[in-house]
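In case you want the letters, here they are:
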Amino acid sequence: MGSMNPKQILLLLAAVSLSSVHSLAKVASVTFEKTPHGGIQPQAIVDALGTVHLLYYKGQPREGDLFYVSRTKGQKDFTAPLKVNSIANSACCIGSIFRARMAVGKEGVVHVLWNGSFGFVKKQWEKKGKERTPEEFVFLFYTRLAADRKSFLPQRNLNNKTYDLDGNGAITVDRNGAVNVFWHAKHKNRPDRLAITVRSTDNGKTFSGESLITKRPLGVCECCTMEAFSSSRGKLYIAYRTAEKTSRNVVIFSSEEGGGQFEEVHRHQWNIVACPASTFAFAEDDRRVFAAWETLGHVYLKDVLSKAPSKNVSKGSKSGKYPSLALNAKGDRLVTWSADTGWGKGGYLQYELADRSGAATSQGKSPKYFPAPFSFSSACSLPSGDFLVFY
């Protein structure tokens, strides 16, 4: 081999240096942590300061209570639990689709939404001397963290005109601080199930009148959840499953923040007529807004800003359900889900970690982390770029 000239030596050194940088590039870690205090159904949100906000449930499947804790950046321990609901046993967790939802707004104000529990509703029937009827399921409870951050305000019912509430609603706070609430229910003047929204521009003190997400007769799958998301770009998203004549399809609607018209931006077909009791998730980075859901027993993922098709991320899994999503500042994307679930059976967790290009950098498919019955995972991204998953 002949000797190299100075230019060739510089090129070789640059190539070696670049290779070394790539080989030493830190791959984000994924850590699993049990929900504290024996709680289930966690929802974790990390705010701009790096504080982890965590909502969870404790109690029997048909009635129990909600609790909130937080952990500031760099701390090991959570704060003492705050009870969220002011009426005892007014929340429930049955079927994994009765789940409370939390949103964190400006200055760390926490907002929580949940359906009234079976036990609470039963007491309302008994007060009226009535048997159980769908008309009694009218309680959509809301509260927010008090100004002193030491308690939650008394819960109140946001539903005024609908009945037969079932799978959970959704709540989100946009970049201007407006609180958006969604739920699905029936109305005496419509034969189909409706997707409904209300909005607060005064940090949850008052809410607007009820309005429809769409006037099209799509219906809503009664035992499936909804999920909402406010992007940093000023877009509001809502995902749910329809209840059409021969199918129950995932639909994602979007509007401009400020109460604009909702437009359908994605649809994923599933030709079934039974309810699959499925859930949804959203997350974003600086370029993309991802949604995740279940179809045909698998978890699908899509960037709703892209024309690219959705991707099945749970191939080979057994009954992938209850997805959770998180993205870090580098564009790494974590999807977690539950496999081998059943009624009163939490199954076990699986996950896929991928880089910005979509190439998988880490996967977990073997049974190692086991949610409690009616529970699931909640993934979040930490300021370090690593990921934390509660279950």
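Remember, it's a predicted structure, so these values are computed and weren't measured experimentally.

Participant: Please provide a residue-by-residue account of the packing of aromatic side chains, values included.
Facilitator: For the structure shown, the criterion picks out 21 aromatic pairs. Taken together, a centroid distance of 6.2 Å and an interplanar angle of 65° make the contact between W125 and F137 edge-to-face. Taken together, the positions of W125 in helix α2 (residues 118-128) and F137 in the loop between α2 and β8 (140-144) put the pair twelve residues apart, joining distant regions of the chain. There is no split in this pair, since W125 and F137 are both buried. Taken together, the ring pairs in this structure connect F32, Y351, Y369 and Y391 into an aromatic cluster.

Participant: Got a sec to walk through the sheet that holds strand β15 (residues 235-241)? Specific residues and values, please.
Facilitator: Taken in spatial order, the four strands make up an open sheet running β14-β15-β16-β17, and their pairing is antiparallel. For this open sheet the edge positions go to β14 (227-230) and β17 (263-268), each flanked by a neighbour on one side alone. Pairs of neighbouring strands in the sheet enclose a mean axial angle of 20°, with direction left out of account. Where strand β16 (residues 250-256) lies against β17, five bridges are found, and the strand directions are antiparallel. Directly across from V251, in β17, lies its bridge partner R267.

Participant: Describe the pattern of salt bridges, listing the residues and the values that go with them.
Facilitator: Taken as a whole, this structure holds 25 salt bridges when the rule is applied. The closest approach of N and O atoms between R248 and E222, which form a salt bridge, is 3.3 Å. Here R248, found in the loop between β15 and β16, pairs with E222, found in the loop between β13 (211-212) and β14; they are 26 residues apart in sequence, far enough to count as distant. Exposure remark for E222: the relative accessible area of 29% places this residue in the partly exposed category. For R233, the salt bridge identified is with E284, shortest N-O distance 3.2 Å. In this pair, R233 sits in the loop between β14 and β15 while E284 sits in strand β18 (residues 280-284), placing the two residues 51 residues apart along the sequence. When its relative accessible area of 32% is taken as the criterion, R233 is described as partly exposed. A single salt-bridge network, built from bridges that share partners, covers R216, E244, E264 and R267.

Participant: Break down the sheet that holds strand β27 (residues 387-390) for me, citing the residues and quoting the values.
Facilitator: Taken in spatial order, the three strands of this open sheet run β1-β27-β26, and their pairing is mixed. Strands at the two margins of the open sheet, each flanked by one partner only, are β1 (30-33) and β26 (378-381). Strand-to-strand, the axes of this sheet are offset by a mean angle of 25°, without reference to chain direction. One ladder, built from four bridges, connects β1 with β27; its direction is parallel. Residue pairing in the sheet places V30 in a bridge with F387 of β27.

Participant: Outline unusual backbone geometry, listing residues and values.
Facilitator: The backbone of R149 shows a phi angle near 60°, a positive value even though the residue is not glycine. By the secondary structure assignment, R149 is in the loop between β8 and β9 (156-157). A positive phi angle, near 55°, is found at L296, a position not held by glycine. Examined against the element boundaries, L296 turns out to sit in the loop between β19 (289-295) and β20 (298-303).

Calculation notes
- Residues numbered from 1 in each chain as written.
- Predicted model: local features only at pLDDT ≥ 70, side-chain atom pairs only at ≥ 80, totals over all residues.
- Heavy atoms only, no water.
- Phe/Tyr/Trp six-rings, centres within 6.5 Å; stacked < 30°, edge-to-face > 60°.
- Helix = DSSP H or I, 4+ residues; strand = E, 2+ residues; numbered from the N terminus.
- Buried < 20%, exposed > 50% of the residue type's maximum accessible area, 1.4 Å probe, protein only.
- Pairing = 2+ DSSP bridges.
- Axes fitted to C-alpha atoms, helices over the stretch in contact; angles between N-to-C directions.
- Salt bridge = Lys/Arg side-chain N within 4 Å of Asp/Glu carboxyl O.

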